[in-house]
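An overview of the molecular structure
Single-letter residue listing:
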Amino acid sequence: MIKHLYVISAALGMTFSNQAIASPKSVSANEFIQLFEKLNGKHPGVRKAHASGVCAVGEFQPNTQSALFKNAPLLNNGTLPITLRFSMGGGNPMADERTTGTRGMGMQINLPDGARHVFTGNNFPVFAGKDPETFFGFLSTLLPDENGKRDAKKTQEYIKNNPSVQGNVAWNAQAKTPASYANTEFFGLHTFFYSNAAEQVKFRWQLTPDLGIKTLSKEQAQQLKPAFLADKLANQLNQGTVSFTLNAVIGEAQDVVNDPSVQWPADRAQVALGKVVLKQSGGDACTPINFDPNVISQGFSASDDPVLKMRSMAYAISFGKRLSGQ
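All residue numbers here refer to positions counted from 1 along the written sequence of the relevant chain. Given that this is a predicted model, residues contribute local features only at a pLDDT of at least 70 and side-chain atom pairs are listed and counted only at 80 or more, while totals for whole chains, interfaces and linings are drawn from all residues. Only hydrogens and water are removed before side-chain values are computed, so all heavy atoms of the structure are retained for them.

Remarks on the overall build of the chain
Helical segments are the DSSP runs of H or I of at least four residues, strand segments are the runs of E of at least two, and each set is numbered from the N terminus. What the chain contains, in helices and strands, is 7 helices and 12 strands. The globule rule is 2.2 Å times the number of residues to the power 0.38, and the radius of gyration it is compared with is taken over C-alpha atoms. A globule of 326 residues ought to have a C-alpha radius of gyration of about 20 Å, and the chain, at 20 Å, matches this closely. For the chain, the spread of C-alpha atoms along the three principal axes comes to 60 × 45 × 40 Å. By the burial criterion, 52% of the 326 residues in the chain qualify as buried. For the chain, restricting intrachain contacts to residue pairs at least 6 apart in sequence, the fraction spanning at least 24 positions comes to 75%. Put simply, the chain shows about 14800 Å² of open surface, and 49% of that area lies on carbon and sulfur atoms. For every residue, the accessible area obtained with a 1.4 Å probe (protein chains only) is divided by the maximum for its type, and the residue is called buried under 20%, exposed over 50%, and partly exposed between those limits. The contact criterion used is simple: two residues touch if any of their non-hydrogen atoms lie within 4.5 Å. Surface accessibility in these figures is a Shrake-Rupley result with a 1.4 Å probe; residues are shielded only by whichever protein chains are displayed.

Here's what the structure looks like:
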């Protein structure tokens, strides 16, 4: 179980009960960045979240036969170049890759007219909170006190009182160490729409590894070096094709739109948007990219998900700090 503490930094301007941490009534993107730095330490010039990662380049091979996404420029311009970054969760650039927990993915697809379409996702299927305030309150329970200690009871109490955190916590409790980024499934979490001539399609995207999902036991993971994922991906690319299928999970009328802590039923129809084929890993191609999930191509639109909106603002602040060496 995650270990934590009851403490809120006065620098964040938040006030909570003496008995337990509560969600703030409102929170800004800058306050999230400050909180990330308090949780992970300050690491100038690196991403404030998902700090440790590896870049890759390749191509997107679209499925042009989908009636639901007919006429989408994303699927009607042939094979398109992509830049993709896999990452560890958290803001530690030296994160131990043998641990369980969050793995992330950001992918930018470049269209011929200069437009871009960005997909970002994580290996967990539900977010830790229905809105930014709930997520912020949860992260705040992880802050150590003045003695550097965390209070697990405070975190457990917060989880108990905030049901929208519980799905993510349950996932983390059973998660194993991914064997490779190439063997990890990524979930977009947020709802998007595509408008075709006949209807508006509600969907969430999902990236499934064609090499299969593979994880490591605790014993297997401990036999590896702390940073093994970049080498593993490079070796797999040298041995053959590394690819993923990009699917759109099609929502039904009753499926929640603006709450990423709720997973849609497993029986929802899936439509293949195309194949993501990696060609090379490593290098600095990802450095100048801000993987903002609200950057989408013609025909697509974002939902009013408050977490999705907050990501855009927080990513922009992190991007600016990173490029200016802060």
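Re unusual backbone geometry
Of note, His50 is a non-glycine position whose phi angle comes to about 55°, a positive value. With respect to the helices and strands, His50 occurs in the loop between helix H1 (29-40) and strand E1 (53-62). One non-glycine residue, Asn71, adopts positive backbone phi at about 75°. Position of Asn71 relative to the elements: it lies in the loop between E1 and strand E2 (80-88). Using a relative accessible area of 55% as the deciding quantity, one classes Asn71 as exposed.

Notes on the packing of aromatic side chains
We describe a pair of aromatic rings using the distance from one ring centre to the other and the angle between the two ring planes. Each Phe, Tyr or Trp ring, with Trp reduced to its six-membered ring, pairs with another whose centre is within 6.5 Å; inter-plane angles below 30 degrees give stacked pairs, above 60 give edge-to-face pairs, and intermediate values give tilted ones. Inspection of the entire model under this criterion finds 16 aromatic pairs. Pairing Phe127 with Phe135 gives two aromatic rings, centres 4.6 Å apart and planes at 55°, and the pair type is tilted. Note on accessibility: Phe127 and Phe135 belong to one class, buried. Ring geometry for Phe203 and Phe300: centres 6.0 Å apart, planes at 70°, overall edge-to-face. With Phe203 in strand E8 (residues 200-209) and Phe300 in strand E12 (residues 300-302), the pair connects residues that are 97 residues apart, well separated along the chain.

Section: the state of the cysteines
In this description, a disulfide is simply a cysteine sulfur pair whose atoms lie within 2.5 Å. As enumerated under the stated definition, the model contains 1 disulfide in all. For Cys55, the disulfide goes to Cys286, at an S-S distance of 2.1 Å. Torsion about the S-S bond of the Cys55 and Cys286 cystine: about 80°, corresponding to right-handed handedness. Within this pair, whereas Cys55 is found in strand E1, its partner Cys286 is found in the loop between strand E11 (270-281) and E12, the two being separated by 231 residues in sequence. You'll find Cys55 and Cys286 in the same group, each marked buried.

Brief notes about H1
Working rule for helices: expected span equals 1.5 Å times residues minus one. Given a rise of 1.5 Å per residue, 12 residues ought to cover 16 Å, and the 17 Å separating the end C-alpha atoms of H1 matches this to within 8%. Contacts made by the buried residues of H1 are with helix H2 (132-140) and helix H7 (306-323). Positive backbone phi, approximately 85°, marks Gly41, located one or two places after H1.

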